[in-house]
Every structure is written in structure tokens, then in C-alpha cells.
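Here's the letter readout for the chains.
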Amino acid sequence: MDSSHSDGHDYPKSFGELVPWGDPAWYRGYNSPYYTQSHHDWRVKVRAFVEEHIEGNVRQWDEQKSVPKEIYTKMYQAGLLPAVVGAPWPADFVGQGGPDNFDAFHSLIFIEELGRCGSGGVLWAIMGGMGIGLPPVLHFGSQHLKEKCARQCLTGEQFICLAISEPYAGSDVANIRTTATKDASGDFYVVNGEKKWITNGVFADYFTVACRTGGPGIGGISLLLLERTMPGIECTQMDCMGVWPSGTTYITFDNVKVPKENLIGVENAGFMYIMYNFNYERWGIIAQATKLARVCLEEAFKYANKRRTFGKKLVEHGMIKWKLAEMARQVESTHAHLESLTYQLNTIPREEHFTHLDLIMDISLLKVQATKTFEFCAREAAQIFGGASYVRGGQGEKVERLYREVRAFAIPGGSEEIMLDLAVKMAQKKYGQVLKSRL
């Protein structure tokens, strides 16, 4: 097998099952400027874990609406779980042990290999809480808060979630109503309010909560770390269309006393911290949706080569070829843009990410592209599978499940409509700067 690479490494030119378009182009022998020996070794490691510990259990976990806690412990022991929070590897809390030069492409591979299981619910059970709930603590929290929860979450001993959305404010973060007011002593915040659609909330030991500590709008929001042991917190698992193992939760806070030391960062600076987090959350949703669209394509391609109708394979019918080609066209172009933006996350200084207008614009657009591609592929795969996609379990299991999960990607993290609006709003701001510079 030809194993020569422009970077001088000798990992295999091809990897995996080699179903056409079933994996990213570099798995299929294409040359790429993005990946190194370290990335190849990482994908081998993640794939081995997924095949041994996840693949055969997905339907059971989906039906029981949870992933067993020992899976998180095993992921930590295998050197995988800390990757959930992204680069840099959190060595201060778990020591070394991650891939060499851990970067955004390792994170992308991690998502893509986990996504092969064909369950957004399993992906979110593993990544949807800690992946967005812990970074605000790591980036802006005090040493006291980091020592309280970081290692416990990174090792899978405890869980954390991000609680922003409310019954009255989803994408409209600036208008959240949950309040945190200082008590008479000044030593505690008293938190009251509701949060809704909170991923991993029902499993969480810690809650990174957006609260109103000041006046209206973006200038009055803070982040507080709440703990499950604090009286007044009630969590109810919601009965949703899809992503069942992720623990989508309705949370109420009733006079929850929170020590002032649990303030994350500076009071009334929470909106900035949330925005800092959003680029990575949206990038993660893009990577997941793109991979799950690819799973639909791979499953449909394999089934079309096995199923026979009217005396020939499904894939030999012109309309089925068209469906597969349309799916591949959209998946491959979306993934190419994803790799380009992943490279930007690697090379633009991190402190500039949440104010970088071009990055915000393009991540917003690509989130829409990825979720629309996922929706298209889920529908077309279901059509190719026919009645088999209408049954839980069996040959069409992954497609049936993913068809139900599309909305969980198209709405959270900023709905498609909000993303398109934000992209043009940022473009207008950028163009205004360009015009002003010419005066």
C-alpha cells in the first residue's frame, strides 16, 4: 500500500471500510495539508474504542435514554474523554496523555469517529454537557472553581452542563429571566428561575448557569456554577423527538443559595463568556451534523448495493444514483468548508475568535449548511431504505434514528434563521468598517 505523505510520515493512504464518501477524503487516499501522523494515530485509537465499547450498544442506550456511567470512566482510562473540551489538552487537571500537538483537527476526528455510531443522542450524552459546560470554568473561572469540578468532570466521575436556554428565551440570550440576587449578607447569590432544553441536565452534578445579576440586556448577565447538592434545584428529563440518551432537561431554581465564590469570572460579564463559547459550540454542531449526514449517505450506499428491486440492485436504478450523488455532493462540499474553518480555529489566536467577524459569519453560515445537508441526507436515505427506515432496529436503525434527530441540530446553538440573520448582520458590520477605512 502506498503510504508516502508530503509531511514525511508513513501512515496508510487509506483507512476504514472505503465505502464511497463514507469517510472524509483523507481516509480515502486524498492528500491533505491538515493531517499528520498524530492525527492518524488518534483516529485509529478513537475508532477502536467506538467499535469495542459503543457500536453494539447504541440501540439499548437510546431506548433506556442514558449512557452507562462506566463508559465515561473507560473513555478517560483510554485517554479520550478530556478531548471533549477541545484544544488545548487540559493537562493541568489530567496530566499529559493526549495526542501530540493536540489541536482542532484532533477534535474534529474525535467527533467524526464517535459519530460513526449513528446516534446524535450518544454523541450529546458524551459531549453535550461537558463540551460546553466546562470550558467557561476552565477559561474564566477562579482556581477555586477549577479545583472544585474540572478534574472530576474530565475523568468521568461527575458531570456538568450549560444552562442558558429558558422557556421564554432560546436564541434570545440577552433576554433571559433567571435571576441571581445577593442576599443581605452579601456572601450568597439567591437564584430563581427556569431553564429548558438543557443537555445532560438530568445527569449533571454541576450547572454553569446564565443568570441576570444586573439590568436588562447583555450588560446584566453573569455565569454562576451551581451544584446538585444545593437545595432548590429540580431537574426533569424531557420527552423529546430524538437524541434520547442526551438527557434533555427542564430545570427549576427555587431560592437556591450559591456562594459568591461560585461566580465565574466577573459579575455582569457573562454574555461575553457565552459568546466566547458559542463559536466552539456551533463548530461542534457543524462537525456532528456533517458526520451524521455522512452516516446517512454511507448506510444508504451500502443498502443500495445489497437490496434488489425489479430484478436489479437499487443502486442500478437511475433515481437512486441521483439521490446518492446529491447526498455526496452536499456532504463533501460541506466537509471541505468545515476543514477550512477548523484550520482557522487552529491558526487565528484564540483570544480573537469571538470578535473575529469573518469567523462568526462563516461559522454561522456553515451551521445552516451542515444542518440542511443533514436534513436532506436523512430524508433521502429514508427514501432509499423505504419501509426499513420506518422501523426502530434492523437494517434501517441508524437512518430511522437520525431522521428523528435532525431538528436537534437545526435549532440548538442558534436556529437556522438566527444564524442566517447573524451572518448578514456581521457582514454588514464588516463592510461598514471597510467603507469607513476608505474615507
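As the structure is a prediction and not an experimental result, all values here were calculated from the model. (Residues numbered from 1 in each chain as written. Predicted model: local features only at pLDDT ≥ 70, side-chain atom pairs only at ≥ 80, totals over all residues. Heavy atoms only, no water.)

## Observations concerning the overall build of the protein chain
A tally of helices and strands in the protein chain yields 15 helices and 10 strands. For 439 residues, the compact-globule formula gives about 22 Å, and the C-alpha radius of gyration of the protein chain, at 22 Å, lands near that figure. Along the first, second and third principal axes, the C-alpha atoms of the protein chain reach 80 × 60 × 40 Å. For the protein chain, with 439 residues in total, the buried portion stands at 56%. In the protein chain, 73% of the contacts between residues at least 6 apart in sequence involve partners at least 24 apart. Within the structure as shown, the protein chain displays about 18,400 Å² of accessible surface, and the carbon and sulfur contribution to it stands at 53%. The protein chain carries 47 positive and 50 negative side-chain charges, and their two centres are separated by 5 Å. (Helix = DSSP H or I, 4+ residues; strand = E, 2+ residues; numbered from the N terminus. Rg over C-alpha atoms; globule rule 2.2 N^0.38 Å. Buried < 20%, exposed > 50% of the residue type's maximum accessible area, 1.4 Å probe, protein only. Contact = heavy atoms within 4.5 Å. Areas by Shrake-Rupley, 256 points an atom, 1.4 Å probe, with all protein chains shown as cover. Lys, Arg positive; Asp, Glu negative; His and termini not counted. Charge placed at Lys NZ, Arg CZ, Asp CG, Glu CD.)

## Let's talk about unusual backbone geometry
Note the cis peptide between Ala87 and Pro88, where omega equals -5°. As for its position among the elements, Pro88 is in the loop between helix H3 (69–77) and helix H4 (91–94). Look at Trp21: it is not a glycine, yet its phi comes out positive at around 65°. Structurally, the position occupied by Trp21 is in the segment before helix H1 (37–54).

## Quick notes on the environment of Pro20
As for its placement among the helices and strands, Pro20 is situated in the segment before H1. Overall, Pro20 belongs to the partly exposed group, its relative accessible area being 36%. Taking the C-alpha atoms as reference points, Pro20 and Gln369, separated by 349 residues in sequence, lie 21 Å from one another.

## Examining the environment of Glu352
Examined against the element boundaries, Glu352 turns out to sit in the loop between helix H11 (318–347) and helix H12 (357–385). We classify Glu352 as partly exposed; its relative accessible area is 37%.

## A few points about the packing of helix H10 (residues 270–304) against H12
Two quantities define a packed helix pair, namely the angle between the helix axes and the distance between the axes. Relative orientation of the contacting elements H10 and H12 amounts to 25°, with a least axis distance of 8 Å. Judged by the inter-axis angle, H10 sits roughly parallel to H12. Like other packed secondary-structure pairs, H10 and H12 cross with a definite hand, here left-handed. Across the contact of H10 with H12, the residue classes break down as 21 nonpolar, four polar and three charged. (Axes fitted to C-alpha atoms, helices over the stretch in contact; angles between N-to-C directions. Parallel < 35°, antiparallel > 145°, perpendicular 65-115°, else oblique. Left-handed = near helix turned anticlockwise from the far one by under 90°. Nonpolar A, V, L, I, M, F, W, Y, C, P; charged D, E, K, R; others polar.)

## Details of H3
Listed as buried for H3 are Ile71, Tyr72 and Met75. One side of H3 carries all its buried residues, which in axial view fall inside an arc of 100°. Where H3 is buried, its residues meet H1, helix H2 (58–64), helix H5 (104–115) and helix H6 (120–127). (Arc of directions from axis to C-beta.)

## Concerning the pattern of salt bridges
Tallied over the entire structure, the rule returns 27 salt bridges. Of the charged contacts in the structure, one is a salt bridge between Glu227 and Lys148, with a shortest N-O distance of 3.3 Å. Residue Glu227 is located in strand E5 (residues 221–227), and its partner Lys148 is located in helix H9 (residues 143–154); the two are separated by 79 residues in the primary sequence. Residue classification places Glu227 among the buried residues on the basis of a relative accessible area of 14%. Residue classification places Lys148 among the partly exposed positions, given a relative accessible area of 23%. (Salt bridge = Lys/Arg side-chain N within 4 Å of Asp/Glu carboxyl O.)

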